[in-house]
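Coordinate analysis (summary)
Here is how the chains run, residue by residue.
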Amino acid sequence: MKQLNFTELSLSSEIQKAVGDMGFVEATPIQSEAIPVLLEGHDVIGQAQTGTGKTAAFGIPLLELIDTRDKVTSALVMCPTRELAVQVAQEIKKLAKYKKGIAVLAVYGGEQIQKQINALKRAVHVVVGTPGRIMDHLDRKTLDLSELKMVVLDEADEMLNMGFREDMEAILKHAPKERQTVLFSATMPKPILELTKKFQHDPKLIKVTKSELTVSSIEQGYYDIKVSQKADVIAQLIEQHGLKLMLVFCNTKRKTDEVTEQFQQLGYKAEAIHGDLRQNQRNNVLSRFKRGDVNILVATDVAARGIDVENVEAVFNFDLPLDAENYVHRIGRTGRAGKSGRAYSFVTGRNDMAKLRDIEAYTKVKIERQHLPSGKERMDLAKSKLATRLKVLIEEGDIDKYEAMIADFKHEGINLHQLTSALLKMHFAPMMTPVKEISERSTRRDDNEREHDRGKGRKQGRGKHSGEANMVRLFLSVGKKDKISKGDIVGGISGLAGIDSSNIGVIDIYDKFSFVEVDTHFLNKVLSKVNGNKIKSRKVSVEIAR
Ligand code: ADP
Ligand code: MG
């Protein structure tokens, strides 16, 4: 498939400039093919994987079509979800940066309709929305589509899956006959073809071929393990590859919640994203993930569709997807913009194995079986990591006071060799427990995982923070379900133990429990005074997190 530079596409200077600002140089294959055809005024059916730049493929021709002197809605984009509507509107706004006086608005459920109605009272040239909410505005006559020049159905297959068919058709009937209709869809099932037949005029099919579907920069593999081992195996892979941003896919909403909780109990910052979340909750989770404040996002296929987060280092198929196309969509969330990525799947029986073979047949890629690192391999890795850290510490200096301690230990009858060996044992022993069934495992994080968190450079907290040697991490038996806030925990612990709040460090609150760091000096005080007493009228227990 041909690929052009943006300068080779005959675009207005305003769009050229905006595209340059966005850092685009080469148009993606779908853009190279679709933009000229759309500029000529044809209807288009575009088929390409997520992350291939479809938004600009229709967004650029759409903007070229708009005359800002017309005070009417000239283009309408339908998207399956609120996130996508917001993301597409944002991308179009960026592309329109130098087109003076253009108005772009996202309309979607979950946001106050009155706010949108007020915005629509002024001329909005481009409306981007979910079919349900667009219909709502049409019913209220707060949106007029009679002057439309272009309609875009983005992720049309997903909109059909979500039951928007009637709304989509009704909306298209509101648009004038003389218009351009653009449809993008990752898949081309029969209902899509029916839709294009009914609503498009002599459409040109532009398809990014299958061989380009899976990205060669993604390392793919699978693990044949027991269901109960999945979370632990992911934990090991996180450690092994030093992963910071990951997507974990499950097939049901309920499963995303369960799996999220498993990760939280292992001490990770994990959150679920699925269709049941309210709009602001979803935005909140997504922006925390983008910032890296959430490291593991556990998602269903629908919730993750089109979510565009850079730097996702790995995708885990906790459940294998129900069909091969979804596999491609899922793993396409990593290895974006030329970066490398990893995609690992779990196979737990013959059914799964058959599904995996289907995926291989569809993608024409062999997915190799992976083996968990042996004890020795993990030890070697941990050793080389420790060596690096030690070199840094030595380089930084300021270790004289510890050197002085060596003499104290010698005085206690511990020689240098014994001291070093025992310290190494302390460091390595907790890491060397092989993957076990989750039920056998403590719900607390072990040193290994705390180490992992430290590497993330978390900054919140009071005077002291994670990673300082004089802080100890405690497990507290109350969490979000108890409506406990960080303030409640600081207030409760400092009050009960009679210590200053500056001696309390990082706090992580999860659904049913929390972790809190306190200065080691006050450990005994905190354990004895807080344990069994009440914080915010909840009886709490507190223990050292292992
Ligand atoms: P899709 O709709 O196909 O899933 P998007 O339109 O959301 O893909 O684009 C994915 C990402 O790629 C976005 O961050 C977008 O800004 C970026 N992008 C799009 N086109 C280009 C390009 N030609 N060069 C570089 N990045 C691009
Ligand atoms: Mg898209």
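**A word on the side chain of threonine 52**
Relative to the helices and strands, threonine 52 resides in the loop between β1 (44–47) and α3 (54–65). On the basis of relative accessible area, threonine 52 is assigned to the buried category, the value being 17%.

**Quick word on the sheet that holds strand β7 (residues 204–207)**
Strand order in the open sheet formed by seven strands is β3-β4-β2-β5-β6-β1-β7, and the pairing between neighbours is parallel. Strands with a single pairing partner mark the edges of an open sheet, and in this sheet they are β3 (104–107) and β7. Across the sheet, the mean angle separating the axes of adjacent strands is 15° when strand polarity is ignored. Alignment of β1 against β7, held across four bridges, turns out to be parallel. When the sheet's bridge partners are listed, glycine 46 is paired in β7 with isoleucine 206. Against the sheet, α3 touches β2 (75–78), β4 (126–129), β5 (150–153) and β6 (180–184), its axis set at about 170° to β5.

**Here's the deal with the nonpolar core**
Phe58, Ile60, Leu62, Val77, Ile92 and Val128 are the most contacted members of the largest nonpolar core, which has 43 residues in total. The residues touching valine 128, leaving out its near neighbours within four places in the chain, are Val77, Cys79, Ala85, Val88, Ala89, Ile92, Val104, Leu105, Ala106 and Val107. With 29 residues, the next largest nonpolar core counts Ile45, Leu138, Val151 and Ala175 among its residues.

**Considering the confidence of the model for the protein**
When the pLDDT values of the protein are averaged, the result is 85; 89% of them are 70 or greater. Confidence drops under pLDDT 50 across residues 435–468; counting only partners more than four residues distant or on other chains, this segment forms 89 contacts.

**Looking at the pattern of salt bridges**
Applying the stated criterion across every chain yields a total of 28 salt bridges. Here arginine 291 ties to aspartate 293 by a salt bridge, and the two come within 2.9 Å at their closest N and O atoms. Take arginine 291: its relative accessible area is 55%, and that puts it in the exposed class. Across the salt bridge formed by lysine 376 and aspartate 380, the nearest N and O atoms sit 2.7 Å from each other. Note that lysine 376 and aspartate 380 are positioned in helix α16 (residues 375–396) at a spacing of four residues, about one turn of the helix. The exposed category is assigned to lysine 376, whose relative accessible area is 60%. A cluster of three or more residues bridged by salt bridges with shared partners is formed by Arg165, Glu169, Glu194 and Lys198.

**Side note on the packing of helix α14 (residues 324–331) against helix α15 (residues 350–363)**
Taken N-terminus to C-terminus, the directions of α14 and α15 make an angle of 75°; their axes are 9 Å apart at the nearest point. Accordingly, the angle class assigned to the pair α14 and α15 is roughly perpendicular. Facing Ala324, Glu325, Tyr327 and Val328 of α14, the residues of α15 in contact are Asp358, Ile359, Tyr362 and Thr363. Taken together, the residues that form the contact of α14 with α15 break down as five nonpolar, one polar and two charged.

**Details of a negative patch on the surface**
Together, Glu395, Glu396, Asp398, Asp400 and Glu403 line one region of the surface with negative charge. Sorting the residues of the negative patch by element identifies α16 and α17 (400–411) as the ones contributing at least two each. Assignment of secondary structure puts aspartate 400 in helix α17.

**Here we look at the packing of aromatic side chains**
As enumerated under the stated definition, the model contains 12 aromatic pairs in all. Taking 5.7 Å as the distance between ring centres and 65° as the angle between the ring planes, the aromatic pair formed by tyrosine 223 and tyrosine 344 counts as edge-to-face. Taken as a pair, tyrosine 223 in strand β8 (residues 218–224) and tyrosine 344 in strand β13 (residues 341–347) lie far apart in primary sequence, 121 residues in all. Taken individually, tyrosine 223 and tyrosine 344 each receive the classification buried, so the pair is uniform in this respect. Where tyrosine 510 meets phenylalanine 513, the ring centres are 5.8 Å apart and the plane angle is 50°; that geometry is what we call tilted.

Conventions used here
- Per-chain numbering applies: the sequence of each chain, read as written, is numbered from 1 onward.
- Just so you know, chain letters begin at A and ligand numbers begin at 1, following the order they were written in.
- Given that the model is predicted, a residue must reach a pLDDT of at least 70 before its local features are reported, and side-chain atom pairs must reach 80 or more before they are shown or counted; all residues, however, enter totals for whole chains, interfaces and linings.
- Water and hydrogen atoms were dropped before computing side-chain values, which therefore reflect all heavy atoms in the structure.
- Secondary structure follows DSSP: runs of H or I at least 4 residues long count as helices, runs of E at least 2 residues long count as strands, and numbering of each begins at the N terminus.
- Per-residue accessibility, obtained with a 1.4 Å probe over protein chains only, is compared with the maximum for each type, and a residue is labelled buried under 20%, exposed over 50%, and partly exposed between these values.
- For two strands to pair, DSSP has to find at least two bridges joining them.
- Here an axis means a line fitted to C-alpha atoms, over the contact stretch when the element is a helix, while the angle between two N-to-C directions is reported on a 0 to 180 degree scale.
- It only takes one pair of heavy atoms within 4.5 Å for two residues to be counted as in contact.
- Buried residues of nine kinds, namely Ala, Val, Leu, Ile, Met, Phe, Trp, Tyr and Cys, make up a nonpolar core once their side-chain atoms join them within 4.5 Å.
- Per residue, pLDDT measures the predictor's confidence, with a range of 0 to 100.
- Criterion for a salt bridge: a side-chain nitrogen of Lys or Arg within 4 Å of a carboxyl oxygen of Asp or Glu.
- Between 65 and 115 degrees an angle is taken as roughly perpendicular, under 35 as roughly parallel, over 145 as roughly antiparallel, and anywhere else as oblique.
- Here the nonpolar group is Ala, Val, Leu, Ile, Met, Phe, Trp, Tyr, Cys and Pro; Asp, Glu, Lys and Arg are the charged ones; every other residue, Gly included, is treated as polar.
- Each patch is built from salt-bridge-free residues with over 30% relative accessible area, joining like charges within 9 Å and nonpolar side chains (Val, Leu, Ile, Met, Phe, Trp, Tyr) within 5 Å.
- Per-residue and other accessible areas were derived by the Shrake-Rupley procedure at a 1.4 Å probe size, with only the shown protein chains allowed to occlude residues.
- For the charge count, each Lys or Arg is scored as positive and each Asp or Glu as negative, with His and the chain ends excluded.
- Charge placement uses NZ in Lys and CZ in Arg. For Asp and Glu, CG and CD serve respectively.
- Any pair of Phe, Tyr and Trp rings, taking the six-membered ring for Trp, is counted once the centres come within 6.5 Å. Such a pair is stacked with planes under 30 degrees apart, edge-to-face with planes over 60 apart, and tilted for the rest.

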